[in-house]
Amino acid sequence: MKESHTIGAGLVITAIVISAIFFSFFGETIQETDCIPSSELSLPEPRTEGNLSLEQALQERRSVRDYSGRALTLAEVSQVLWAAQGITGSGGLRTTPSAGALYPLEVYLVAGDIQGLPAGIYQYIPADHSLDLHRTGDIREALCFSALDQIAVRDAPAVIVITAVPSRTMQKYGERGTRYVFLEAGHASQNICLQAVTLNLGTVP
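Residues numbered from 1 in each chain as written. Predicted model: local features only at pLDDT ≥ 70, side-chain atom pairs only at ≥ 80, totals over all residues. Heavy atoms only, no water.

Caption draft 1: Just helix H7 (residues 177–198), in detail. With 22 residues, H7 should cover 32 Å at 1.5 Å per step; its first-to-last C-alpha distance of 32 Å lies within 8% of that length. The set of residues buried in H7 consists of Gly177, Val181, Glu184, Ala185, Ala188, Ser189, Ile192, Cys193, Leu194, Gln195, Ala196 and Val197. In the stretch just after H7, asparagine 200 is the one whose phi turns positive, near 60°. (Helix = DSSP H or I, 4+ residues; strand = E, 2+ residues; numbered from the N terminus. Expected span 1.5 Å × (residues − 1). Buried < 20%, exposed > 50% of the residue type's maximum accessible area, 1.4 Å probe, protein only.)

Caption draft 2: View of the layout of surface pockets. If you add up the space inside the largest pocket, you get close to 290 Å³. Those elements giving two or more residues to the lining of the largest pocket turn out to be helix H2 (54–60), helix H3 (74–85) and H7. Ranked by the residues each element gives to the lining of the largest pocket, the list is headed by H7, at 4 residues. Classifying every residue of the lining of the largest pocket by side-chain character gives 6 nonpolar, 8 polar and 2 charged. (1 Å grid on protein atoms, 1.4 Å probe; cavity = no way out; pocket = protein on both sides within 12 Å on 5 of 7 lines; lining within 4 Å. Points joined across faces, edges and corners; volume = space filled by probe spheres on them. Nonpolar A, V, L, I, M, F, W, Y, C, P; charged D, E, K, R; others polar.)

Caption draft 3: Highlighting the environment of alanine 164. Among the secondary structure elements, alanine 164 is positioned in strand E6 (residues 158–164). By relative accessible area, alanine 164 is classed as buried at 2%. Expressed as a C-alpha distance, the spacing of alanine 164 and proline 104, which sit 60 residues apart in the sequence, is 5.3 Å.

Caption draft 4: Local environment of the pattern of salt bridges. Evaluated as defined, the whole model comprises 4 salt bridges. Among the salt bridges present, the one from glutamate 106 reaches arginine 168, with a minimum N-O distance of 2.5 Å. Of this pair, glutamate 106 sits in strand E3 (residues 105–111) while arginine 168 sits in helix H6 (residues 167–173), and the two are 62 residues apart along the sequence. Look at glutamate 106 and you get buried, because its relative accessible area is 15%. Between arginine 154 and aspartate 155 there is a salt bridge, with its nearest N and O atoms 3.0 Å apart. (Salt bridge = Lys/Arg side-chain N within 4 Å of Asp/Glu carboxyl O.)

Caption draft 5: Inspection of the packing of H3 against H7 at higher detail. Between H3 and H7, the shortest axis-to-axis distance is 7 Å and the interhelical angle comes to 150°. Considering their axes alone, H3 and H7 lie roughly antiparallel with respect to each other. As H3 runs across H7, the sense of the crossing is right-handed. Across the interface between the two elements, Gln79, Val80, Trp82, Ala83, Ala84 and Gln85 from H3 touch Ala188, Asn191, Ile192 and Gln195 from H7. Tallied by class, residues from the contact of H3 with H7 come to 6 nonpolar, 4 polar and no charged. (Axes fitted to C-alpha atoms, helices over the stretch in contact; angles between N-to-C directions. Parallel < 35°, antiparallel > 145°, perpendicular 65-115°, else oblique. Left-handed = near helix turned anticlockwise from the far one by under 90°. Contact = heavy atoms within 4.5 Å.)

Written out as structure tokens, the structure reads:
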């Protein structure tokens, strides 16, 4: 594994959390932040070719909890979100497999230190590769508390939170559909981790 991936060159953490009620994680702290009208922000186009092979990315993937302090770029965030749930085919097929192509996952970006993007909670919209702003303000401290005081959650410039709407899958597969949802979260998480390696970013699920 390259030295740069082990000594703090990493820049982003992905906190993978499954919940149908995303905002319940933050308790009273998040309630103090103002709600704002929904507003959408287009992301830079994701690239589909890179300089690092899949085999190299697999070899170099490690959990990284210490970060350099550099802000993320919007292009980096765009690429990682696309890896998680981006559209890659006709009919809305995505980067990760989904039972029955029902796509129960919803991906949120908790932005703290991203160039050109105010701190806040954004939902990733795969259909047009954009962000939908839900709340303003930096809530990484509250998220850290909800994540058992893992300091990396507070220190990372961004946190990706994966939530789900299990009923989308259960409408076809019944109760066992909930198990498929957890599998899909794992698929998305690994995509994020491998994409981050190609961008020389650090991640930890």
